[in-house]
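Residue-level listing of the chains:
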Amino acid sequence: MKRNVFFVACAMLLLSSCAGEFSKVFKSEDYGYRYEYAKQCFAEGEYAHCVSLLEGMVTMLKGGDNAQESLYMLAMAQYMSRDYESASQTFKKYGSSYPKGQYAEKAAFYVGESLFESAPEPRLDQTPTIGAINAYQQFLDLFPESELRPEAQRKLFELQDKLIMKEYLSAKLYFNLGGYYGNINANNESNYTACIITAQNALKTYPFTNLREDFSLLIMKSKFQLAESSSEERRLERYRDAEDECYGFLNEFPDSDEKSTAERYIAKCKKITKD
């Protein structure tokens, strides 16, 4: 028990000593001393201390020998501290201040990395995702021969998949809402129409997506449901459109698990259009 108390006391004393040393450095007007201590903090993984020291110094170091290194190190310390928003802005600042600088390539790459880490799950607003895609694309344009190119491309495709999933979830929600109203009314018609438009636009934007069959299925089902809920004057037109969509689906996805659904729709459409 006494031994444990001794170790706790030593640990507290050490922490107090480190805190006291940092406070002394932070208040010092010797910027060379402060900068070297910031580098030591970064090397030891004390990123929060490194950020605290550098944030107040990068402007003063501008134009000096340590200007580039200090700005890039601040950005990396923010990134390692998981302050991705600040990191992305600081990496961008480095890129605009030193476009041909020593760390320009990595700074451009880490703009994308910072925004990538900020990208939310597909159901949420995807503004950060779009920002990350643009950042990776700019990096690839600026540094086409970079060793980081494969990683940037992999992340870029991953982000695009997130945007595609966002569109799919939106289209699926419209489809589900169309069925929610049950009875034939303007609401379910507008939701099925919105599903069709959303899915068609997604296929135009991302023609090679792995979700191509899923989008096509939503379009086919929505067109059939539109026909089912149509007014008398639009009934035949929409059943014919739904029938064409079903044939198109079967031609593109002949082995689909939903093949029987398409065939059932076709049978119903033929019965209506022939009568």
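Bear in mind the structure is a predicted one, so any value in this text is a computation, not a measurement.

Student: Mind laying out the overall build of the protein, listing which residues take part and the relevant values?
Tutor: Each helix and strand counted, the protein has 13 helices and zero strands in total. Secondary structure elements of the protein occur, N-terminal to C-terminal, as α-α-α-α-α-α-α-α-α-α-α-α-α. The long-range fraction of contacts in the protein, counting pairs at least 24 apart against all pairs at least 6 apart in sequence, stands at 55%. If you sum the accessible surface of the protein, you get close to 16,400 Å²; carbon and sulfur atoms cover 52% of it.

Student: Before we move on, could you go through the pattern of salt bridges and cite the residues and values that matter?
Tutor: Per the stated rule, a full pass over the model turns up twelve salt bridges. Of the charged contacts in the structure, one is a salt bridge between aspartate 241 and lysine 223, with a shortest N-O distance of 3.4 Å. Of the two residues, aspartate 241 is situated in helix H12 (residues 235-252) and lysine 223 in helix H11 (residues 212-228); the sequence distance between them amounts to 18 residues. Classification of aspartate 241 as partly exposed rests on a relative accessible area of 36%. Lysine 223 gets classed as buried once you look at its relative accessible area, which sits at 12%. Ionic pairing is found between glutamate 237 and arginine 234, a salt bridge with its closest N-O pair at 3.8 Å. Accessibility expressed as a relative area gives 36% for arginine 234, which makes it partly exposed.

Student: Account for the packing of aromatic side chains, naming residues and giving values.
Tutor: Going through the model one piece at a time under the given rule, you end up with 18 aromatic pairs. Ring geometry for phenylalanine 139 against phenylalanine 143: centres 5.8 Å apart, planes inclined by 40°, an arrangement best described as tilted. The residues phenylalanine 139 and phenylalanine 143 share a single accessibility class, namely buried. Considering the side-chain rings of phenylalanine 224 and tyrosine 239, the 6.3 Å spacing of their centres and the 75° angle between planes classify their relative orientation as edge-to-face. Of this pair, phenylalanine 224 sits in helix H11 while tyrosine 239 sits in helix H12, and the two are 15 residues apart along the sequence. Tyrosine 239 shares its class with phenylalanine 224; the two are buried. One aromatic cluster is present, built from ring pairs that chain together Tyr72, Tyr79, Tyr84, Phe91, Tyr94, Tyr98, Tyr103, Phe109, Tyr110, Tyr136, Phe139 and Phe143. Over the ring of phenylalanine 116 we find lysine 155; its NZ or CZ atom is 4.6 Å from the centre of that ring.

Student: Can you lay out the layout of surface pockets for me, pointing to particular residues and giving the numbers?
Tutor: There is about 290 Å³ of room inside the largest pocket. Forming the walls of the largest pocket are 16 residues, and the residues nearest its centre are Gly95, Ala108, Val111, Gln138 and Leu142. For the lining of the largest pocket, the secondary structure elements donating two or more residues are helix H6 (84-97), helix H7 (104-118) and helix H8 (127-142). For the lining of the largest pocket, a count of residues per class yields eleven nonpolar, four polar and one charged.

Student: Could you give me a rundown of the side chain of glutamate 113, with the residues and numbers involved?
Tutor: Topologically, glutamate 113 is positioned in helix H7. A polar side-chain atom of glutamate 113 sits 2.4 Å from a polar atom in the side chain of tyrosine 136. Setting aside residues no more than four positions away along its own chain, glutamate 113 makes contact with Tyr79, Tyr136 and Lys155.

Student: Pulling in residues and values, what's your account of helix H13 (residues 259-274)?
Tutor: For H13, which comprises 16 residues, the first-to-last C-alpha distance of 22 Å matches the rise-based estimate of 22 Å (1.5 Å per residue) to within 8%. Turning to H13, its buried residues are Thr261, Ala262, Tyr265, Ile266, Cys269, Ile272 and Thr273. The buried side chains of H13 occupy one side of the element, clustering within an arc of 135° when seen end-on. The outward face of H13, more than 90 degrees from its buried face, is lined by the exposed residues Arg264, Lys271 and Lys274. Lining the buried residues of H13 we find H11 and H12.

Rules used in this analysis
Residues numbered from 1 in each chain as written. Predicted model: local features only at pLDDT ≥ 70, side-chain atom pairs only at ≥ 80, totals over all residues. Heavy atoms only, no water. Helix = DSSP H or I, 4+ residues; strand = E, 2+ residues; numbered from the N terminus. Contact = heavy atoms within 4.5 Å. Areas by Shrake-Rupley, 256 points an atom, 1.4 Å probe, with all protein chains shown as cover. Salt bridge = Lys/Arg side-chain N within 4 Å of Asp/Glu carboxyl O. Buried < 20%, exposed > 50% of the residue type's maximum accessible area, 1.4 Å probe, protein only. Phe/Tyr/Trp six-rings, centres within 6.5 Å; stacked < 30°, edge-to-face > 60°. Lys NZ or Arg CZ within 6 Å of the ring centre and 35° of its normal. 1 Å grid on protein atoms, 1.4 Å probe; cavity = no way out; pocket = protein on both sides within 12 Å on 5 of 7 lines; lining within 4 Å. Points joined across faces, edges and corners; volume = space filled by probe spheres on them. Nonpolar A, V, L, I, M, F, W, Y, C, P; charged D, E, K, R; others polar. Polar contact = N/O pair within 3.5 Å; in protein donor to acceptor, adjacent residues only side chain to side chain. Expected span 1.5 Å × (residues − 1). Arc of directions from axis to C-beta.

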